[in-house]
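This is what each chain is made of:
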Amino acid sequence: FFPLPNLPGMVQNFHLQTRVPTSSDRFSVRIIHTISPKLNFQANYNLSETRSKTVQTFPELFSRSEGRGQLVMLGLTQTLTRRLINDSRVIFNRNRSRSLNQFAFRDDIAGDLGITGISADPVNYGVPQIGLTNFSDVNDPVPALRRNQTVRLMDNLSYSLPKHTLRAGIELRRQQINTRTDPTPRGSFNFTGVQTSQLTATGQPVPGTGWDFADFLIGLPQTTTQRFGSSSTYFRSWGFVLFFQDDWRINPRFSINWGIRYEILTPPVEKFNRIANLDLNSDLTQAVTVLPGGTGPFHGEFPRALVRTDKNNWAPRVAIAWKPAAKGWFTKHALTVRAGYSMFYNTSIYTQLMFGMANQPPFAQAQSRITGASQVLTLQNGFPPVPPSTVRNTVAIDPDYQLGNAQIWNASLEMQATQSTVVTLTYTGTKGTHLDRLR
């Protein structure tokens, strides 16, 4: 599965050009109905289906995938008065995707190679993941089935005044993430060259010696990882959004747009509670496995999602636009000044965190090993047995996790230098807070 070079030289010496067939079907329908002069109804339905072949770095490793997406939108617009308009919408979105490599249910490549401690499920048959430092990795796609859907209820109100346009809205969101996959069922083996390096008197590798592909040829990885067993997960979460915005036109040359947004998204819970977290002490020397709703010795009671909801997600926004009066120099060189400030929260990180806590003991097999003098890892025996008391979970998340946010501000000057030339000077600043850190 690791091909010979087909180009000259020692680097960049393999070229792959192949067909990637893809077919797709799309269907959509839209209905607009004026019920009365003050009431309008709208309905949309969109369907999209795709079928494709995905090619990896090397020609013998590919997968076939198919997907279907559906969107239904029902909307009602009410003109309550000449100035007041209310817009209500219900949106249902569902996406289903499935991918399989060419070996699934047919050829147990990793098992036939004698690699132990990995998944024996026929859907996971294939080539193990091989990570190298100086050469391209060998990655055989992992089978996956995903069925995600979201229901959104939204209501927006708009009120127009001579110098103001006021907008306010609310949204309620229910999200389901249904997945069947094993992240690393055939094991991941990382080769760095340490095992073929010369050693100093203190046992440290001599720089410039050793080679990652040499380690691979003799089957001595530096690290190994596996995660499989609890293939199906069903995550559920709620979202709530509230916003207010004012577009204030102070005069024809100066306007301010300001508002505030509040957004809260609950960490997803697993329908059957098949997730696990680790309760760690302050110096990371002790770890205890905690299940949904359980209690840890260091952080006390854990919620069902194993991460507490971050509720302090207020996001102010303000922007100005100013065009100085056309007098003197400004008559010839029209100048426009713009500035703004906004704040955004990374609410989508919750899904990534939840997938990290799935496929962990006691519901699944999970290990991350490093080779050493007392236990030398090999390609065939990269996951040797461990004592029952050993904590084998590979992911821990702070139960008081706070969402990261970005504050962004900018200012710009735009000048009409000549009749056909515009010069723009822009400054942008960004400040991140509570950014993620992985140890």
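Residue positions are given per chain, counting from 1 as you read along its sequence in written order. Where local features are concerned, this predicted model is filtered to residues with pLDDT of at least 70; where side-chain atom pairs are given and counted, the filter is 80 or more; whole-chain, interface and lining totals use all residues. Hydrogen atoms and water are omitted, and side-chain values are computed over all heavy atoms in the structure.

Novice: Help me out: how do you make sense of the overall build of the protein chain in this one?
Specialist: Strands here are runs of E lasting at least two residues and helices are runs of H or I lasting at least four, both read from the DSSP assignment and numbered beginning at the N terminus. The helix and strand tally for the protein chain stands at four helices and 21 strands. Just to be clear, the radius of gyration here is over C-alpha atoms, and the globule rule we use is 2.2 Å times residues to the power 0.38. Scaling as 2.2 N^0.38, a compact globule of 439 residues should have a C-alpha radius of gyration of about 22 Å, whereas the protein chain reaches 29 Å, well beyond that. For the protein chain, the C-alpha atoms occupy an extent of roughly 80 × 55 × 55 Å along the three principal directions. Burial classes follow relative accessibility: with a 1.4 Å probe on protein chains only, a residue under 20% of its type's maximum area counts as buried, one over 50% as exposed, and anything between as partly exposed. The proportion of buried residues among the 439 residues of the protein chain is 33%. The contact rule is simple, with two residues in contact once any of their heavy atoms fall within 4.5 Å. At a minimum sequence separation of 6, the contacts of the protein chain that also span at least 24 residues come to 68%. Total accessible area on the protein chain stands at roughly 25100 Å², and carbon and sulfur atoms take up 57% of it. Positive and negative charge centroids in the protein chain, built from 44 and 28 side chains respectively, lie 12 Å apart. Each accessible area is a Shrake-Rupley result for a 1.4 Å probe, and residues are judged covered by the shown protein chains and nothing else. Positive charge is attributed to Lys and Arg, negative charge to Asp and Glu, and no charge count is given to His or to the chain ends. A single reference atom marks each charge: NZ on Lys, CZ on Arg, CG on Asp, CD on Glu.

Novice: What exactly am I supposed to notice about the side chain of arginine 236 here?
Specialist: Relative to the helices and strands, arginine 236 is located in strand E10 (residues 232-251). Polar side-chain contacts of arginine 236 include one of 2.8 Å to the side chain of asparagine 178. With near-sequence residues (within four places) excluded, arginine 236 lies in contact with Arg174, Gln175, Gln176, Ile177, Asn178, Pro267, Pro268, Val269 and Lys271. Distance and chemistry together define a polar contact, namely a pair of N or O atoms within 3.5 Å, with one atom able to donate a hydrogen and the other to accept it when in protein, and with adjacent residues in sequence counting only for side-chain atoms on both sides.

Novice: Looking at this model, I keep getting lost on the pattern of salt bridges. Mind explaining?
Specialist: Where charged atoms of side chains with opposite charge meet at close range, the side chains can pair. By salt bridge we mean one thing: a side-chain nitrogen of Lys or Arg within 4 Å of a carboxyl oxygen of Asp or Glu. Overall, the coordinates contain 15 salt bridges when judged by the stated rule. In this structure, the salt-bridge partner of arginine 106 is aspartate 107, at a minimum N-O distance of 3.4 Å. By relative accessible area, which is 30% here, aspartate 107 ends up partly exposed. The closest approach of N and O atoms between arginine 186 and aspartate 140, which form a salt bridge, is 3.9 Å.

Novice: Explain the pairing of strand E11 (residues 254-265) here, please?
Specialist: Two faces make up the sheet, and in a regular strand the side chains alternate between them. When DSSP finds at least two bridges between two strands, those strands are taken to pair. Pairing of E10 with E11 involves 12 bridges; the strand directions are antiparallel. Bridge assignment links glycine 239 to a residue of E11, and that residue is leucine 265. Between E10 and E11, which pair antiparallel and follow one another directly, the connecting turn spans two residues. Relative to strand E17 (residues 314-322), E11 runs antiparallel, the two sharing nine bridges. Residue arginine 261 lies in a different strand from E17, and its bridge partner there is alanine 315.

Novice: Before we go on, may I ask you to explain the nonpolar core in this structure?
Specialist: One recurring pattern in soluble globular proteins: nonpolar side chains tend to sit buried together. By nonpolar core we mean a set of buried residues, namely Ala, Val, Leu, Ile, Met, Phe, Trp, Tyr and Cys, connected to one another through side-chain atoms within 4.5 Å. Ranked by size, the top nonpolar core spans 20 residues in total, and within it Val307, Tyr350, Leu353, Met357 and Tyr401 carry the most contacts. The element best represented in this core is helix H4 (residues 349-357), accounting for five residues. Beyond its immediate stretch of four places on either side in the chain, valine 307 contacts Pro267, Tyr350, Met354, Met357, Ile397, Asp398, Pro399 and Tyr401.

Novice: Before we go on, may I ask you to explain H4 in this structure?
Specialist: What H4 keeps buried is the set Ile349, Tyr350, Leu353, Met354, Gly356 and Met357. Along the axis of H4, the buried residues cluster in a sector spanning 155°; they form a single face. Of the surrounding elements, those touching the buried residues of H4 are strand E9 (223-228), E10, E11 and strand E13 (277-280). When we speak of the arc, we mean the arc of directions from the helix axis to the C-beta atoms.

Novice: Explain the packing of aromatic side chains here, please?
Specialist: Aromatic rings considered in pairs are described by the distance between their centres and by the relative angle of their planes. Only rings of Phe, Tyr and Trp enter the pairing, Trp through its six-membered ring, and a pair is recorded when the two centres are within 6.5 Å. The plane angle decides the type: under 30 degrees is stacked, over 60 is edge-to-face, the rest tilted. The tally for this structure, following the rule as stated, stands at 14 aromatic pairs. Between phenylalanine 213 and phenylalanine 216 the ring centres are 5.4 Å apart and the planes differ by 50°, which places this aromatic pair in the tilted class. With phenylalanine 213 and phenylalanine 216 both in helix H2 (residues 212-217) and three residues apart, the pair spans about one turn of that helix. Between phenylalanine 235 and phenylalanine 355, the ring centres sit 5.7 Å apart and the planes meet at 90°, which makes this aromatic pair edge-to-face. With phenylalanine 235 in strand E10 and phenylalanine 355 in helix H4, this residue pair connects regions lying 120 residues apart in the sequence.

Novice: Hey, could you run me through the side chain of glutamate 49 in this one?
Specialist: Structurally, glutamate 49 can be placed in strand E2 (residues 39-55). Separated by 2.7 Å, the side chains of glutamate 49 and arginine 68 make a polar contact. If we ignore the near neighbours within four places in the chain, the residues touching glutamate 49 are Ser23, Ser24, Asp25, Gly67 and Arg68.

Novice: Looking at this model, I keep getting lost on the sheet that holds E9. Mind explaining?
Specialist: For sheets, the rule is that strands pair by backbone hydrogen bonds, running either parallel or antiparallel. Strand order in this open sheet of four strands is E5-E8-E9-E19, and the pairing throughout is mixed. Among the strands making up the open sheet, the edge pair consists of strand E5 (129-132) and strand E19 (365-370). In this sheet, neighbouring strand axes are inclined to one another by 10° on average, regardless of whether the strands run parallel or antiparallel. With four bridges connecting them, E5 and strand E8 (residues 184-191) associate as parallel partners. By the bridge assignment, glycine 131 is partnered in E8 with asparagine 190. Every axis corresponds to a line fitted to the C-alpha atoms, with the helix fit spanning only the stretch in contact, and the corresponding angles, defined between N-to-C directions, vary from 0 to 180 degrees.

Novice: Just to check I follow, could you spell out unusual backbone geometry for this structure?
Specialist: In terms of backbone geometry, most residues other than glycine have negative phi values and most peptide bonds are trans. Following proline 361, the chain continues to proline 362 via a peptide bond in cis, the omega torsion being 10°. Looking at the element boundaries, proline 362 is found in the loop between H4 and E19. Even without being a glycine, leucine 284 presents a positive backbone phi close to 60°. Taking the relative accessible area as the measure of exposure, leucine 284 reaches 45% and is therefore partly exposed. Of note in the backbone geometry, leucine 306 takes a positive phi value of approximately 65° without being a glycine. In this fold, leucine 306 is placed in the loop between strand E16 (300-301) and E17. We classify leucine 306 as buried; its relative accessible area is 0%.

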